[in-house]
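# Topology and contacts: notes
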Amino acid sequence: MTGTGETMMERQLNKMDIEYLTNRVGPSKVSLYACPECTREFVKSSTMKDHLRTHTNERVYKCGEENCGKTFKWRSSLSQHRRSHLRSSKGGIAKK
């Protein structure tokens, strides 16, 4: 894993996306969005924007539960956190 939290699989998938598009539409038609903080390139601008949060620590997903206020970089992390509220409201033990 690199310092950006990127795994080997993520790097490989990104490389495969670029190779697939290059082969499908030709190299002159593939637009890549480069991360201004590192050497990563992305086929989609939205993926690059998501990736930028690994550098900025921006937390755009906020728990809507009353008196919680936790924030997260990734939607999947918020979803996992919401399940902890469901477990505790059903009488289960919520992990911290």
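For the structure itself, look to the data block above.
Structural notes, computed from the coordinates. From a predicted model like this one, the values you see are computed outputs, not experimental measurements.

## A short note on the overall build of the protein chain
- When helices and strands are counted, the protein chain shows 3 helices and 4 strands.
- Tracing the protein chain from N to C terminus, the helices and strands come up as α-β-β-α-β-β-α.
- For the protein chain, with 96 residues in total, the buried portion stands at 19%.
- A fraction of 11% describes how many contacts in the protein chain between residues 6 or more apart in sequence connect residues 24 or more apart.
- For the protein chain, the accessible surface area stands at approximately 7600 Å², while carbon and sulfur atoms represent 50% of it.

## Focus: helix α2 (residues 45-56)
- Between its terminal C-alpha atoms α2 stretches 16 Å, which fits the 16 Å expected from 12 residues at 1.5 Å a residue.
- Along α2, the residues classified as buried are Met48, His51 and Arg53.
- Summarising the contacts, the buried residues of α2 are in contact with β1 (33-34), β2 (41-42) and β3 (61-62).
- Just past α2, the residue asparagine 57 takes up positive phi, approximately 65°.

## Observations concerning the pattern of salt bridges
- Counted under the stated rule, the structure contains 1 salt bridge.
- Where aspartate 50 meets arginine 53, a salt bridge forms, and the shortest distance between an N and an O atom there is 3.2 Å. Here aspartate 50 pairs with arginine 53, and both are found in helix α2, just 3 residues apart, close to one helical turn.
- For arginine 53, a relative accessible area of 8% gives the class buried.

## Topic: the environment of tryptophan 74
- On the secondary structure map, tryptophan 74 appears in the loop between β4 (71-72) and α3 (75-89).
- Here the alpha-carbon distance between tryptophan 74 and valine 60, two residues 14 residues apart in the chain, equals 7.7 Å.
- Setting aside its immediate chain neighbours within four residues, tryptophan 74 contacts Asp50, Arg53, Thr54 and Tyr61.

## Observations concerning the side chain of histidine 81
- In this fold, histidine 81 is placed in helix α3.
- There is a polar contact of 3.0 Å between the side chain of histidine 81 and the side chain of histidine 85.
- For histidine 81, the contacting residues outside a window of four places in its chain are Cys63, Cys68, Lys70 and Phe72.

## So, α3
- For α3, which comprises 15 residues, the first-to-last C-alpha distance of 21 Å matches the rise-based estimate of 21 Å (1.5 Å per residue) to within 8%.
- What α3 keeps buried is the set Leu78, His81 and Ser84. Taken down its axis, α3 places every buried residue within 105° of arc, on the same side. Opposite its buried face, α3 presents the exposed residues Arg75, Ser76 and Gln80, each directed more than 90 degrees away.
- Where the residues of α3 are buried, they touch β3 and β4.

Cut-offs used in this document
Residues numbered from 1 in each chain as written. Predicted model: local features only at pLDDT ≥ 70, side-chain atom pairs only at ≥ 80, totals over all residues. Heavy atoms only, no water. Helix = DSSP H or I, 4+ residues; strand = E, 2+ residues; numbered from the N terminus. Buried < 20%, exposed > 50% of the residue type's maximum accessible area, 1.4 Å probe, protein only. Contact = heavy atoms within 4.5 Å. Areas by Shrake-Rupley, 256 points an atom, 1.4 Å probe, with all protein chains shown as cover. Expected span 1.5 Å × (residues − 1). Salt bridge = Lys/Arg side-chain N within 4 Å of Asp/Glu carboxyl O. Polar contact = N/O pair within 3.5 Å; in protein donor to acceptor, adjacent residues only side chain to side chain. Arc of directions from axis to C-beta.

So, to be careful, I would describe these as geometric facts and stop short of saying anything about function.
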